[in-house]
Amino acid sequence: PRLLSQFFFADERVTRVVAEINGLDAELDPQQYLVLLNQLHLSQAHLLAILERIMEECIPTQRHSRDYLVKFPEELLVDNLGNHMLFAAECLLAGTFLDMEESDGAQLRSQARNLLCSLELVRTVLREQSLSQPNSYPEPVRAVLIQFDRLFAEFELSYVSSLVAVKSPDEIYRQQEIIVLFCETVERALHLGYLTQEMIDGYEPLLMFTIPRLAIISGLLIYPEGPLSLERSPEEMSRVFSPFYNLLKKIRDLLWVLSAEELCLLERSLCTAE
């Protein structure tokens with residue numbers, strides 16, 4: 001059950017698979033080579049997962065900030081992102097620049113080298129610690145973990161920023177405005193009886209359609225200075241809504257002519273229509 005013991009056996013697995021790959025002629029047995037590559041990917045992911053648990057146990061208050069993750073596109077925020085970063089660092093160090101300009105890759109190589117050297121040091125130190133005192137984390141162990149955590153975060157931010165357009169602070173703020181709008185929309189819908197708490201607690205599938213529809217009406221009529229404010233230019237709106245700027249203006253103009261009773265009827269219909 002001890003994390004250092006788990007790390008030792010996970011590290012042994014990675015070392016064994018790497019040795020098998022190095023001893024194999026990929027041209028003579030390409031199928032086995034692919035099998036071993038997949039095993040390496042899985043064993044490295046397992047090793048990093050245990051290392052993450054060790055850092056949470058050993059240096060929980062000294063972890064490098066990961067606030068930058070809110071800037072990443074949602075499709076990149078997967079469970080095995082760390083393993084992808086490790087693979088990218090290995091490719092960069094080998095001179096392979098995946099989906100990026102060679103000049104950008106060359107600038108990242110030093111970061112990749114520092115990260116991989118730090119990981120090797122962590123593996124060495126933790127192996128030794130697991131064989132001597134597997135129940136403790138002395139200061140030298142903590143120091144190498146802190147350094148690795150920092151280098152990993154710095155490489156992750158630099159690498160992803162070189163591949164995709166990370167969100168600007170303005171875009172992050174606009175997304176937070178949308179979150180607030182949706183929360184206020186739900187609160188208003190509960191107050192008016194359009195929705196019930198049981199529907200929310202039970203994850204009613206219809207809410208996936210109902211809440212965004214109600215949020216558009218709330219954003220155009222109830223909170224006109226919020227994220228759906230049409231006083232802004234399309235460029236100033238969140239990318240979620242900016243492509244529909246002209247359509248939103250037409251919807252707002254139609255909503256303006258509705259009476260209170262007609263608006264209530266419309267909102268109730270949006271809660272039931274598929």
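None of these values were measured; they are calculated from a predicted model. (Residues numbered from 1 in each chain as written. Predicted model: local features only at pLDDT ≥ 70, side-chain atom pairs only at ≥ 80, totals over all residues. Heavy atoms only, no water.)

**Student:** Give me the lowdown on the overall build of the protein, citing residues and values where you can.
**Tutor:** A tally of regular secondary structure across the protein gives 10 helices and 0 strands. Computed over C-alpha atoms, the radius of gyration of the protein comes to 26 Å, more than 25% over the 19 Å expected from 2.2 N^0.38 for 274 residues, which places it beyond the range of a compact globule. Reported as C-alpha extents along the three principal axes, the dimensions of the protein are approximately 75 × 45 × 40 Å. Taken over 274 residues, the protein has a buried fraction of 37%. Accessible surface, the protein as shown: approximately 16,100 Å² in total, 57% of it carbon and sulfur. Between the centroid of the 23 positive side chains of the protein and the centroid of its 41 negative side chains there is a distance of 2 Å. (Helix = DSSP H or I, 4+ residues; strand = E, 2+ residues; numbered from the N terminus. Rg over C-alpha atoms; globule rule 2.2 N^0.38 Å. Buried < 20%, exposed > 50% of the residue type's maximum accessible area, 1.4 Å probe, protein only. Areas by Shrake-Rupley, 256 points an atom, 1.4 Å probe, with all protein chains shown as cover. Lys, Arg positive; Asp, Glu negative; His and termini not counted. Charge placed at Lys NZ, Arg CZ, Asp CG, Glu CD.)

**Student:** Which residues make up the nonpolar core, and what values do they have?
**Tutor:** Membership of the largest hydrophobic core comes to 44 residues, with the highest contact counts inside it found for Leu51, Ile54, Leu126, Leu145, Phe148 and Phe155. Every element with two or more residues in this core is listed here: α1 (3–22), α2 (30–58), α3 (81–93), α4 (102–132) and α5 (139–163). The biggest single contributor to this core is α5, with 10 residues. Excluding residues within four positions of it along the chain, leucine 145 makes contact with Leu51, Ile54, Met55, Cys58, Ile59, Val122 and Leu126. (Core = buried A, V, L, I, M, F, W, Y, C linked by side-chain atoms within 4.5 Å. Contact = heavy atoms within 4.5 Å.)

**Student:** Give me the packing of aromatic side chains: which residues, what numbers.
**Tutor:** Counted under the stated rule, the structure contains 4 aromatic pairs. Here the aromatic rings of phenylalanine 148 and phenylalanine 152 are separated by 5.6 Å at their centres, their planes lie at 65 degrees, and the arrangement is edge-to-face. Of this pair, phenylalanine 148 and phenylalanine 152 both sit in helix α5, 4 residues apart, roughly one helical turn. In this pair, the class of phenylalanine 148 matches that of phenylalanine 152, namely buried. (Phe/Tyr/Trp six-rings, centres within 6.5 Å; stacked < 30°, edge-to-face > 60°.)

**Student:** Describe the domain arrangement of the protein, and please don't skip the residues or the numbers.
**Tutor:** Here the domain parsing of the protein yields domain 1 (3–163) and domain 2 (169–272). Taking only C-alpha atoms into account, the centre of domain 1 sits 43 Å from that of domain 2. (Domains from an automatic or database assignment.)

**Student:** Explain helix α10 (residues 260–270) residue by residue, including any values.
**Tutor:** Residues of α10 that are buried: Leu263, Glu267 and Leu270. The buried residues of α10 all sit within an arc of 60 degrees when viewed along its axis, so they share a single face. Among the exposed residues of α10, those oriented more than 90 degrees off its buried face are Glu261 and Leu265. The inward-facing, buried residues of α10 contact α6 (169–192), α8 (207–222) and α9 (245–256). (Arc of directions from axis to C-beta.)

**Student:** Lay out α1 with the relevant residues and their values.
**Tutor:** When the terminal C-alpha atoms of α1 are compared, their 28 Å separation across 20 residues agrees well with the 28 Å that a helix rising 1.5 Å per residue should span. When we look at burial in α1, the residues that qualify are Leu3, Leu4, Ser5, Phe7, Phe8, Ala10, Asp11, Val14, Val17 and Ile21. (Expected span 1.5 Å × (residues − 1).)

**Student:** Please provide a residue-by-residue account of the packing of α6 against α8, values included.
**Tutor:** Closest axis-to-axis distance for the α6/α8 pair is 9 Å, and the angle between their directions is 100 degrees. The angle between α6 and α8 falls in the class roughly perpendicular. Touching Leu181, Phe182, Thr185, Val186, Arg188 and Ala189 of α6 are Ile211, Pro212, Leu214, Ala215, Ser218, Gly219 and Ile222, all from α8. The class makeup of the residues in the contact of α6 with α8 is 9 nonpolar, 3 polar and 1 charged. (Axes fitted to C-alpha atoms, helices over the stretch in contact; angles between N-to-C directions. Parallel < 35°, antiparallel > 145°, perpendicular 65-115°, else oblique. Nonpolar A, V, L, I, M, F, W, Y, C, P; charged D, E, K, R; others polar.)

**Student:** Describe the side chain of glutamine 129, with residues and values.
**Tutor:** Inspection of the secondary structure puts glutamine 129 in helix α4. There is a polar contact of 3.1 Å between the side chain of glutamine 129 and the backbone oxygen of serine 136. Leave out the neighbours within four places in its chain, and glutamine 129 touches Leu4, Pro134, Ser136, Pro138 and Val141. (Polar contact = N/O pair within 3.5 Å; in protein donor to acceptor, adjacent residues only side chain to side chain.)

**Student:** Help me get a handle on a nonpolar patch on the surface, residues and values and all.
**Tutor:** The grouping of Trp256, Val257 and Leu258 at the surface amounts to a nonpolar patch, some 320 Å² of accessible area in total. Relative to the elements of secondary structure, tryptophan 256 occurs in helix α9. Note on tryptophan 256: relative accessible area 54%, which makes it exposed. (Patch = residues over 30% accessible without salt bridge, like charges linked within 9 Å, V, L, I, M, F, W, Y side chains within 5 Å. Salt bridge = Lys/Arg side-chain N within 4 Å of Asp/Glu carboxyl O.)

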